[in-house]
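# Summary of the model geometry
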Amino acid sequence: LEAEKHAGMSCATVSMDDIQFEEAARIGQIITIKAEVKRAFKTSMEVGIKVTVQEALLNAEKIVCIAYATYVAIPFGAAKIELEPVKILSTEDLLEHTLAAERRRIQVGYQQVFQNLVQQLAREDISEGEDAVSTSFTHVLNVELVQPLHANQHGNTFGGQIMAWIETVASVSARRICRSQPVLKSVSMFKFWGPSIVGDRLVFNAIVNNTFQNSVEVGVRVDAYNCEEWIKNQARHINSAFLVFNAVNDDGELLTLPRIRP
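What counts and how
- Residues numbered from 1 in each chain as written.
- Predicted model: local features only at pLDDT ≥ 70, side-chain atom pairs only at ≥ 80, totals over all residues.
- Heavy atoms only, no water.
- Helix = DSSP H or I, 4+ residues; strand = E, 2+ residues; numbered from the N terminus.
- Rg over C-alpha atoms; globule rule 2.2 N^0.38 Å.
- Buried < 20%, exposed > 50% of the residue type's maximum accessible area, 1.4 Å probe, protein only.
- Expected span 1.5 Å × (residues − 1).
- Pairing = 2+ DSSP bridges.
- Phe/Tyr/Trp six-rings, centres within 6.5 Å; stacked < 30°, edge-to-face > 60°.
- Lys NZ or Arg CZ within 6 Å of the ring centre and 35° of its normal.
- UniProt positions renumbered as here; feature names shortened; annotations may be inferred.
- Axes fitted to C-alpha atoms, helices over the stretch in contact; angles between N-to-C directions.
- Contact = heavy atoms within 4.5 Å.
- Core = buried A, V, L, I, M, F, W, Y, C linked by side-chain atoms within 4.5 Å.
- Domains from an automatic or database assignment.

Secondary structure summary: the chain contains four helices and 11 strands in total. Over its C-alpha trace the chain gives a radius of gyration of 20 Å, about what one expects of a compact globule, namely 18 Å for 262 residues. In terms of its C-alpha atoms, the chain occupies a principal-axis envelope of roughly 55 × 55 × 40 Å. Scored against the burial criterion, the 262 residues of the chain give a buried share of 35%.

This part takes up helix α3 (residues 159-178). Helix length check: α3 (20 residues) gives 27 Å between terminal C-alpha atoms against 28 Å at 1.5 Å per residue, within 8%. The set of residues buried in α3 consists of I162, W165, I166, V169, A170, S171, S173, A174, I177 and C178. Backbone geometry just after α3 places R179 at a positive phi near 55°.

Another point: the pairing of strand β9 (residues 215-225). Among the 11 residues of β9, nine are classified as buried, and the element is accordingly described as predominantly covered. Of the strand pairs in this sheet, strand β8 (residues 201-211) and β9 are connected by 10 bridges, and their pairing is antiparallel. Considered in β9, the bridge of F204 is made with V222. In this structure, β9 lies alongside strand β10 (residues 236-247), joined through 10 bridges in antiparallel fashion.

A word on the packing of aromatic side chains. Across all of its chains, the model carries three aromatic pairs by this definition. Their ring planes at 75° and their centres at 5.9 Å tell us that W165 and F204 sit as a pair that is edge-to-face. Placement of the pair is W165 in helix α3 and F204 in strand β8, with a sequence separation of 39 residues. Measuring from ring centre to ring centre gives 5.2 Å for Y225 and W230, while their planes differ by 85°; the resulting arrangement is edge-to-face. The ring of F41 carries the charged tip of R104 above its face, separated from the ring centre by 4.6 Å. The ring of W230 carries the charged tip of R201 above its face, separated from the ring centre by 5.3 Å.

On the UniProt side, "domain: HotDog ACOT-type" (unreviewed entry) is annotated at positions that read residues 1-77 and 136-251 here. Helix makes up 22% of residues 136-251 and strand 44%, whereas the separation of the span's terminal C-alpha atoms amounts to 30 Å.

Now for the sheet that holds β9. Within the open sheet, the nine strands sit side by side as β2-β3-β4-β1-β7-β10-β9-β8-β6. Their pairing is antiparallel. One side of each edge strand has no neighbouring strand; the edge strands of this open sheet are β2 (30-40) and β6 (140-145). Each adjacent strand pair in this sheet contributes to an overall mean axis angle of 25°, direction not counted. Looking at chain direction, β6 and β8 are connected through six bridges and run antiparallel. Note on β8: the bridge partner recorded for L145 is R201.

Mapped onto the secondary structure, K191 falls in strand β7 (residues 182-192). Beyond its immediate chain neighbours, meaning those up to four positions away, K191 contacts V14, S15, D17, Q107, I238, N239 and S240.

On to the environment of A132, then. Considering the arrangement of structural elements, one finds A132 in the loop between α2 (91-121) and β5 (133-134). Looking at A132, the relative accessible area reads 12%, which means it is buried. With 103 residues separating them along the chain, A132 and A235 place their C-alpha atoms 33 Å apart.

Core analysis: the largest hydrophobic core is formed by 49 residues, its most contacted members being M45, I166, L202, F204, V218, V220 and L243. Looking at which element gives the most residues to this core, the answer is α3, with eight residues. Two domains share this core, each providing at least three of its residues, namely domain 1 (1-108) and domain 2 (131-261). For L202, the residues in contact, after removing those within four places along its chain, are N142, V143, E144, V146, I162, W165, S196, V222, D223, A224 and I238.

Now the structure itself:
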């Protein structure tokens, strides 16, 4: 809604970046969601989102989630919509304005970093520890059919619905390493490469990329097919995301994770 207010028309999500989960929201808590356009670039804008919960009896408020989303205005014709700049009214606004540019710089440079790593790793040997767990053991595949309740007024799948499906398949993958209930801590590089619509079949592929002492990163790729594409096995790559989970036991204590073998 904040994006549409700034653009003066309907907007589409391009990416969700730097989503950090600080607390869990539970039944009975009051949730407050605040959104604000942090910076408008030429044809895109960054929206900052802050989610808090309030304990009604304790009168205490805690931050649940902080996220940043990038939107573009949906044009009526072929030309892209140029956006008005955001007015800077305070020192805090100036800081957010500068940080938005830095986050965008990291997004733009990601592809070059990826290519450099591919060239570097092609010359290295993959070490296999005896106690390491094969990544193939963590691969999870799920298929969802986009129905009208999953789509907006334009017939495009809700970005939040895709994110919910991604979290589900990623948590199953993470559980195979954690051997316990994984707790989602952050989502990175959640990119919308293209739209999906009602009637599409969405195929979710998740696999553990790496483990750290108490956390695990799961990569998820989403491909879309309409009926004709499904028969011809011609996929449309529409989403990619990286999710980081913590492994905890029943008492909420962090667990140490095994190494993985790529």
